[in-house]
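Commentary on secondary and tertiary structure
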Amino acid sequence: MKVVSPPLRLTNVNSLAYGQDIVFTKEFRHPHCTLSLRPFNVFTDLPTIYNREPGDDNLSDLIAASYVYTRESSFARSYMVLLDHHLPVCEVDICRALQDEVCDHYRAEGGDYIMRLLPASPRRIRRRLFTSLLETCTEYFLSLPTIKRIFLECEAENAWQHQLLLKAGFKSKGRILQEYKNSNLYQYYRRLRG
């Protein structure tokens, strides 16, 4: 069973009118759990993701400022994925590909978005949960009319994630060689119903 809020445009999901409401929930039978997405809250979620106490140091202020910028932009959004409606397990960022550095490595088109997953605790993200995260996020984001294709980077050495991405329906677009990292790029596109 899934629960979907009314379709929202990417530019409106962090509006104060929507508060911190859950925008999408997906229920899984095995393992029995639900995964929910809600807009990222800088004040409550930042310490969870970066394992810091609120107001810990100046670095926290710089990181928080980047999230505030993202929240106010029209091309990027951050969400928190909750396990069983309360346990934060992963931040997911979605950004219009034309405004992201990844478009330097492939020809981006309108409707292309890059998705990044940042686990609250990498030890919690096992294979089955990673697969459920992918399914939940792609289903929600592709329900938004502005998103046609989703791209995701994966570290080149992470063999188990490569297998799970392919199994989840992502297609390999090749390797990205950058100064600070090497990764593989995958794409997932909206399938037309026939």
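The following refers to the structure shown. (Residues numbered from 1 in each chain as written. Predicted model: local features only at pLDDT ≥ 70, side-chain atom pairs only at ≥ 80, totals over all residues. Heavy atoms only, no water.)

Description of the packing of helix 3 (residues 127-143) against helix 4 (residues 159-167)
Two packed helices can be described by the angle between their axes and the distance between those axes. Note the following rule: A fitted line through C-alpha atoms serves as each axis, taken over the contacting stretch for helices, and the angle formed by two N-to-C directions is quoted from 0 to 180°. Put simply, DSSP H or I for four residues or longer makes a helix, DSSP E for two residues or longer makes a strand, and each gets a number counted from the N terminus. In what follows, roughly perpendicular refers to angles from 65 to 115 degrees, roughly parallel to angles under 35, roughly antiparallel to angles over 145, and oblique to any angle outside these ranges. Each crossing gets its hand from how the near helix is turned against the far one by less than a right angle, where anticlockwise is left-handed and clockwise is right-handed. In what follows, a contact means two residues having at least one pair of non-hydrogen atoms within 4.5 Å. Note that Gly is not counted as nonpolar here; it falls among the polar residues with everything else outside the nonpolar set of Ala, Val, Leu, Ile, Met, Phe, Trp, Tyr, Cys and Pro and the charged set of Asp, Glu, Lys and Arg.
Where helix 3 meets helix 4, the closest approach of the two axes is 10 Å, and the angle between their N-to-C directions is 45°. When the axis of helix 3 is compared with that of helix 4, the two are oblique. Where helix 3 crosses over helix 4, the handedness of that crossing is right-handed. Across the interface between the two elements, Arg 127, Phe 130, Thr 131 and Leu 134 of helix 3 pack against Trp 160, Gln 161, Gln 163, Leu 164 and Leu 165 of helix 4. The class makeup of the residues in the contact of helix 3 with helix 4 is 5 nonpolar, 3 polar and 1 charged.

What about helix 3?
Under the convention used in this document: Take the residue count of a helix, subtract one, and multiply by 1.5 Å to get its expected span. Each residue is assigned to one of three classes by its accessible area relative to the maximum for its type, calculated with a 1.4 Å probe on protein chains only: buried under 20%, partly exposed between the two thresholds, exposed over 50%.
For helix 3, spanning 17 residues, the distance from its first C-alpha to its last is 24 Å, which sits close to the expected 24 Å at 1.5 Å a residue. Residues of helix 3 that are buried: Leu 129, Phe 130, Ser 132, Leu 133, Leu 134, Thr 136, Cys 137, Thr 138, Tyr 140, Phe 141 and Leu 142.

Regarding helix 4
Buried within helix 4 we find Gln 161, His 162, Leu 164 and Leu 165. Tucked inside the fold, the buried residues of helix 4 contact helix 3, strand 7 (149-155) and strand 9 (182-189). Positive phi shows up at Gly 169, right after helix 4, with a value of about 100°.

All quantities given are derived from atomic positions and should not be read as evidence of function.
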